[in-house]
Structures are given as structure tokens and as C-alpha cells.
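Examination of the molecular architecture
Here's the letter readout for the chains.
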Amino acid sequence: MLGYPYAIYARSGSGIYGSGSWYSVAYSFGCSGTENDIYDCTFQDYYSSTSSTAAAICSAYPLSISVRLANGSHPAEGRVEVYFNNTWGTVCDEGWDIRDANVVCRMLGFPHAIDAKSAAFFGEGAGPVWLSNLQCSGNESDISECSHSGWGVQNCGHNRDIGVVCTEHPQTQDIRLVDGQHPAEGRVEMYNPNTGLYGAIHSSGWDLNVAQVVCRMLGYPYAIYTRRGSGIYGSGSWYSIAYSFGCVGTETSIYNCTFYNYYSSTTYTAAIVCSAFPMSISVRLADGSHPAEGRVEVYYNNTWGCDEGWDIKDAHVICRMLGFHHAVDAKSAAFFGEGAGPVWLTNLQCSGNES
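To start, this report covers the structure provided alongside it.

Scoring rules and cut-offs
- Residues numbered from 1 in each chain as written.
- Predicted model: local features only at pLDDT ≥ 70, side-chain atom pairs only at ≥ 80, totals over all residues.
- Heavy atoms only, no water.
- Phe/Tyr/Trp six-rings, centres within 6.5 Å; stacked < 30°, edge-to-face > 60°.
- Helix = DSSP H or I, 4+ residues; strand = E, 2+ residues; numbered from the N terminus.
- Buried < 20%, exposed > 50% of the residue type's maximum accessible area, 1.4 Å probe, protein only.
- Polar contact = N/O pair within 3.5 Å; in protein donor to acceptor, adjacent residues only side chain to side chain.
- Salt bridge = Lys/Arg side-chain N within 4 Å of Asp/Glu carboxyl O.

Here we take up the packing of aromatic side chains. For the structure on display, the rule yields six aromatic pairs. Look at Phe-84 and Trp-130: their rings are 5.1 Å apart centre to centre, the planes differ by 80°, and that puts the pair in the edge-to-face class. Of this pair, Phe-84 sits in strand β6 (residues 77–84) while Trp-130 sits in strand β9 (residues 129–131); the two residues are 46 residues apart in sequence, bridging distant segments of the chain. According to the relative accessible area criterion, Phe-84 is buried, its value standing at 18%.

This part covers helix α3 (residues 312–321). Given 3.6 residues per helical turn, the α-helix brings residues three or four places apart onto the same face. Listing the buried residues of α3 in full gives Asp-314, Ala-315, Val-317, Ile-318, Cys-319 and Met-321. Two to three positions downstream of the cap, the backbone nitrogen of Lys-313 sits 3.1 Å from a side-chain oxygen, assigning the N-cap of α3 to Asp-311. Taken from the residues just after α3, Gly-323 is the one with a positive phi, measuring 95°.

The next subject is the pattern of salt bridges. Summed over the entire model, instances satisfying the criterion amount to 13 salt bridges. As a salt-bridge pair, Asp-93 and Arg-160 come within 2.7 Å of each other at their nearest N and O atoms. Of the two residues, Asp-93 sits in the loop between β7 (87–91) and α1 (98–107) while Arg-160 sits in the loop between β9 and β10 (163–167), which places them 67 residues apart along the sequence. The exposure class assigned to Arg-160 is partly exposed, which follows from its relative accessible area of 31%. The closest approach of N and O atoms between Lys-117 and Asp-115, which form a salt bridge, is 2.7 Å. Take Asp-115: its relative accessible area is 11%, and that puts it in the buried class. Within this structure, Glu-185, Arg-284, Asp-287, Arg-295 and Glu-297 form a network of salt bridges that share partners.

Most of helix α2 (residues 208–217) is tucked away, with seven of its ten residues classed as buried. Buried within α2 are the following residues: Val-210, Ala-211, Gln-212, Val-213, Val-214, Cys-215 and Met-217. Note on α2: the residue one or two positions beyond its end, Gly-219, has a positive phi of about 95°.

Listed below in C-alpha cells is the structure:
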């Protein structure tokens, strides 16, 4: 009736959620469990004050466990508490990381996690420590699908209770590239829901595997270049917010990789160049007055350079590589200014139909 497909807990008696401020109105319900409405069950009217009230916990999952967050400053964060065997308990932080946190957040109705807290960050809980050494890939729909040490099998105290920070911000909006010369390149920044601002990613642990995942999130199938260090696309105007990423390169989201939150100013930022093409070359436009014009620069062998031997048929191919329908002009003689680096190509001969 309330929109939840499953009930995972029922209690009658002394009113663990309080007795309410009004008389009880019904008792002695008889339901088979398949009815669509409680009014399809048998019951008797009963108008009297009482402390023997009924309580229930509903869930979206047909499991014997459920999760909740406690002691957070807002509903999307807090200590993770697990309901199992009719008792609420906690989870030990051994093995706890962002991939496990993603699963918990999805169980709670959030799209993903932005932080996995440990060492009773949100305070120590009570009751059993139900789980330890939780190992999720990050794609599970429920923590019962993840491996762990066994229910109640652990040697942790509540000083190691886990916590999580979830977000309602869509993942595709959590990552952006800035200060590049075209939309597929630039400094990588992540959204920080605590400040409402974007921050750079510290380049520690950054590699082409991580860049591949970020490009995929942004809608590009390939990463062709990554750089970490002194900020070739600038350092940004805000603190870096994450570092030490560990991705294998096949993840669909950077939130399925391991990483640590890191709030500090830095010039060691991560940068990438994405591409629609699985090649070791890409193209970009430089020094134009708008994104659809400029000097053609070719990325090959980790270096940007220029080309020569050029006409409108070649220009059509370049424009399609950049996502435009066709070219309207092919400029020469450094019309947009002289470039730098190697002159990679000469005597380019395209029919105009190549991709």
C-alpha cells in the first residue's frame, strides 16, 4: 500500500516506535499477505488508548537484510547500519572502500557514493558488528551479493564502524574537462557536493586506465593521452578533491574505481585528451575565433604537431573527426598562426569520404 514491495520486519507489543498521540482504531488483523489493501483483510474496529502498537519496516529488496544511515548531518550520509536476523548492527571497516559504498548508496536510493568513511567517522554504533571484509565490485544491487567474512564473523569493535556519503548528483555531471582547446581535452575536475563546487583531481595514481574510464563517462570511447604533474591545463581555482585512483580501465564509472578523498590545494593535477577514434592520432583546432575553426594540430606519439599538403577534401575529413558536418574552407600558410612541435604530416591526400 505504501509503495514498497517487501516487508522485512514486523513487531507488536510495547511500541518500539512510540504509541502515537491517538487511540488505536483496529486490531486482530487477518491477512494472507497477497492482498492489495489492508481493507481486504479481516479485522475488528477497536477504539481505545493503548501502548501495544504495531510496527513495520519496509524494503525495496526481498531480503532478510536492509540498511540505514545514522548520525549524518543530512539524509545522504551517516554510519551504515545493517538489519539482519531481527537486529540492527554495524559493519567493520576492514576491506571497506568506495565500491562497497556505491552498493550501499544504491540500496538506499542514491545513484552512487562519493566517500567511504571508516574508523567510526559518524560515531560508534551499537548491537552486533554484522559484517567484515566486505568485497563488492561496485555493480551489485545489494550487499548480500558481495563476498564477506560471514554474518557475525569478525574481530572488530564499534570503533571501526563504517560510514558513507552518498549523492543525488548524476555521475555524468560529476566529471568535467576544463581549460582545453576543445571539449574532449583538459584538466579533469570532480564535483564536490560538500561545497557545491568542482575541484581538480590530484595526479597521484593517475594513468591511462583511469583516463579511459573518465572519457567513457564523458561519452568518448577512447582516451588517447593523459598527463599528470605540473598542470598543463592549469591548476584550477579550487582544491583538489581526490587522488590515488585505481582503475583497470573497463569500469563504466570512476566511482567503481578505488580512490581517496583529498582536500588540499595543489598544482599536481590530472589532464586527459579523449577521442571518438581508437587510434594513436587525434586532431584539434587551435587559435580560432570560435570552436569550429583554427589551426589543425595532430596528436601522434604523445606529441601535438601540424600537417601540410592541404585542400577542402582533407578539411572535410578533419571536420567530421571533430564532430562537424563538413568544412567550408581549407586555410593554409599559417592563417591561424604558426604552431609548435613536429610537422607530422605532409602531402595529405583524402578523397573526402574517409572517417
